Amino acid sequence: MLIDLHTHSNRSDGTDTPSELIENAVAAGLDVVALTDHDSTVGWAEADEAAARAGVRLVHGIEISTQLDGQSVHLLGYEFDPDDAALLDELQHVLEGRDNRLPRILARLRDLGIDIHEPDVERWSGSAAASGRPHIADALIELGVVADRTEAFNRYLQPGRPGYVHRYATPLHEAVRLVAGAGGRAVIAHPWSRGSDRVVTPEVLAELQGLGLLGIEVDHNDHDETARSALRDIAAELDLVVTGSSDYHGTGKTDFELGCNTTAPDQLERLLSPRFGD
Ligand code: AMP
Ligand code: ZN
Ligand code: FE
Ligand code: FE
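Let me begin by describing the structure that accompanies this report.

So, about the pairing of strand E2 (residues 32–35). Burial along E2 is two-sided: Val32 and Ala34 and Val33 and Leu35, pointing in opposite directions, are all buried. As judged from the 3 bridges shared by strand E1 (residues 3–7) and E2, these two strands associate in the parallel manner. Considered in E2, the bridge of Ile3 is made with Val32. As a crossover connection, the stretch from E1 through helix H1 (residues 18–27) into E2 is right-handed.

Our next topic: the packing of H1 against helix H2 (residues 44–54). It is at 8 Å that the axes of H1 and H2 come closest, and there the two elements cross at 35 degrees. Crossing of H1 over H2 shows right-handed handedness. Between H1, through Pro18, Ser19, Ile22 and Val26, and H2, the contact on the second element is made entirely by Glu46, Ala47, Ala50, Ala51, Arg53 and Ala54. Here the contact of H1 with H2 is built from residues that sort into 7 nonpolar, 1 polar and 2 charged.

What describes a pair of aromatic rings is the distance from one ring centre to the other and the angle between the planes of the rings. Using the criterion set out here, one finds 1 aromatic pair in the structure. Each ring, one from Trp44 and one from Phe80, has its centre 5.2 Å from the other, and the planes form 55 degrees; the classification is tilted. Of this pair, Trp44 sits in helix H2 while Phe80 sits in the loop between strand E4 (71–78) and helix H3 (85–111), placing them 36 residues apart in sequence. On the basis of relative accessible area, Trp44 is assigned to the buried category, the value being 8%. A cation over an aromatic ring shows up here: Lys253 above the ring of Phe256, its NZ or CZ 4.5 Å from the ring centre.

Let's shift gears to the site of ligand 1. In the vicinity of ligand 1 there are 13 residues, among which His38, Arg98, Arg101, Arg133 and Arg167 approach most closely. Contact between ligand 1 and His38: an oxygen atom at 3.3 Å from a side-chain N or O atom of the residue. Arg133 places a polar side-chain atom, nitrogen or oxygen, 2.7 Å from an oxygen atom of ligand 1. Protein chains bury 88% of the 500 Å² of accessible surface belonging to ligand 1 in isolation.

Note on the iron ion (ligand 4): its protein donors are His6 (NE2), His8 (NE2), Glu63 (OE) and Asp247 (OD). The metal-donor distances range over 2.1 to 2.2 Å. Viewed at the metal, the 4 donor atoms of the iron ion (ligand 4) are separated by angles of 76 to 164 degrees, and the geometry they form is irregular. Mapped onto the polypeptide sequence, the residues donating to the iron ion (ligand 4) form the spacing pattern H-x1-H-x54-E-x183-D. Taken as a pair, the iron ion (ligand 4) and the zinc ion (ligand 2) show a spacing of 4.4 Å. With His6 in strand E1 and Asp247 in the loop between strand E8 (241–244) and helix H10 (265–272), this residue pair connects regions lying 241 residues apart in the sequence. Comparing His6 with Asp247, the two get one shared label, buried.

Ideal values for angles at a metal depend on the geometry: 109.5 degrees with four tetrahedral donors, 90 or 180 degrees with six octahedral donors. Every protein donor of the zinc ion (ligand 2) is listed here as Asp13 (OD), Asp13 (OD), His38 (NE2) and His249 (NE2), and their distances to the metal cover 2.0 to 2.6 Å. In primary-sequence terms, the residues that donate to the zinc ion (ligand 2) follow D-x24-H-x210-H. Separating the zinc ion (ligand 2) from the iron ion (ligand 3) is a distance of 5.7 Å. Here the residue His38 occupies a position in the loop between E2 and H2, and His249 occupies one in the loop between E8 and H10, the gap between them amounting to 211 residues. Take His249: its relative accessible area is 4%, and that puts it in the buried class.

A few words on the nonpolar core. Counting residues in each nonpolar core, the largest one holds 44 residues, and the members touching the most others are Leu75, Ile188 and Leu213. If one sorts the elements of this core by residue count, helix H7 (residues 172–181) sits on top with 5 residues. Apart from the residues within four sequence positions on either side, Ile188 is in contact with Val73, His74, Leu75, Leu172, Leu205, Leu208, Leu213, Gly215, Ile216 and Glu217. Ile136, Ala139, Tyr156 and Val165 belong to the second largest nonpolar core, which has 17 residues in total.

In this section: the pattern of salt bridges. The full count for this structure, using the stated rule, is 9 salt bridges. Between Arg11 and Glu46 there is a salt bridge; the shortest N-O distance is 2.9 Å. Residue Arg11 is located in the loop between E1 and H1, and its partner Glu46 is located in helix H2; the two are separated by 35 residues in the primary sequence. Since its relative accessible area comes to 25%, Glu46 is described here as partly exposed. Close ionic contact of Asp219 with Arg232 constitutes a salt bridge, the shortest N to O distance being 3.0 Å. On the criterion of sequence distance, the pair formed by Asp219 in strand E7 (residues 213–219) and Arg232 in helix H9 (residues 225–238) is long-range, its members being 13 residues apart. One connected set of salt bridges, linked through shared partners, spans Asp219, Arg228 and Arg232.

Conventions used here
Residues numbered from 1 in each chain as written. Chains lettered and ligands numbered in written order. Predicted model: local features only at pLDDT ≥ 70, side-chain atom pairs only at ≥ 80, totals over all residues. Heavy atoms only, no water. Buried < 20%, exposed > 50% of the residue type's maximum accessible area, 1.4 Å probe, protein only. Helix = DSSP H or I, 4+ residues; strand = E, 2+ residues; numbered from the N terminus. Pairing = 2+ DSSP bridges. Right-handed = clockwise from strand over helix to strand, strands pointing away. Axes fitted to C-alpha atoms, helices over the stretch in contact; angles between N-to-C directions. Left-handed = near helix turned anticlockwise from the far one by under 90°. Contact = heavy atoms within 4.5 Å. Nonpolar A, V, L, I, M, F, W, Y, C, P; charged D, E, K, R; others polar. Phe/Tyr/Trp six-rings, centres within 6.5 Å; stacked < 30°, edge-to-face > 60°. Lys NZ or Arg CZ within 6 Å of the ring centre and 35° of its normal. Near = heavy atom within 4 Å. Polar contact = N/O pair within 3.5 Å; in protein donor to acceptor, adjacent residues only side chain to side chain. Areas by Shrake-Rupley, 256 points an atom, 1.4 Å probe, with all protein chains shown as cover. Donors = N, O, S within 2.8 Å, 3.2 Å for Na, K, Ca; no water. Tetrahedral: all angles 85-135°; square planar, octahedral: opposite > 155°, others 65-115°. Core = buried A, V, L, I, M, F, W, Y, C linked by side-chain atoms within 4.5 Å. Salt bridge = Lys/Arg side-chain N within 4 Å of Asp/Glu carboxyl O.

Encoded structure:
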């Protein structure tokens, strides 16, 4: 039983349509796949139809852009009410923050001599709920400025680089409360990637657990063996669910192939069990 609980379609910054994602999940031998686009559930309907056709089990999910002490932290939410007003309102705030940042990033890139404009980016973000940095990276690739998304982030788009512009992200504690309040299951995505080990401490995890956090994503390519083993110990100590996933983005991210990390069936069962979550 192969279970992958973190993937992206072109409704955010992946490159597969939700249907293609499901087809690729079947081809990869997955039995269960979660669609977790950034800050949006717009891909769920198409993925539902494709999953029913393909005979694969779809878990409805999202990856919310949050922050703690100025550090970006991603929160996965599963099987919540997509019409929950408080959650929708907050997601709208995040998506608008991302769209409003676009012209400011492009102005910075133009200051660096790169002739890049909004339509260059919208070619890549046309199916997405908002235009994010990965879409700007795609435009930079097409313009021949960089070879891939990683180079675009390393040279221009990540904090400390000249094209970086801050955007709004939900405070982490509030995001956990919102997912739980909408009847969903909250799991911290790659808790120790890109500097978030500084803020996602065992103490913070215990605090979040009190607000409804149910699990942490331990097996993720951003974690080395040492991090995975330490996170597994913390999860055991706190009795948190342990998940593993690919964070697949289609051709947008290499070496994050569907099923490259997976979640154990008993952990999925626990995560979605009514008694554990309620
Ligand atoms: P945004 O939410 O528009 O600021 O873009 C953030 C997204 O870009 C993340 O969710 C990742 O998918 C991707 N990303 C962030 N940092 C990097 C990086 N250093 N290299 C490649 N992709 C990144
Ligand atoms: Zn992404
Ligand atoms: Fe993430
Ligand atoms: Fe992700």
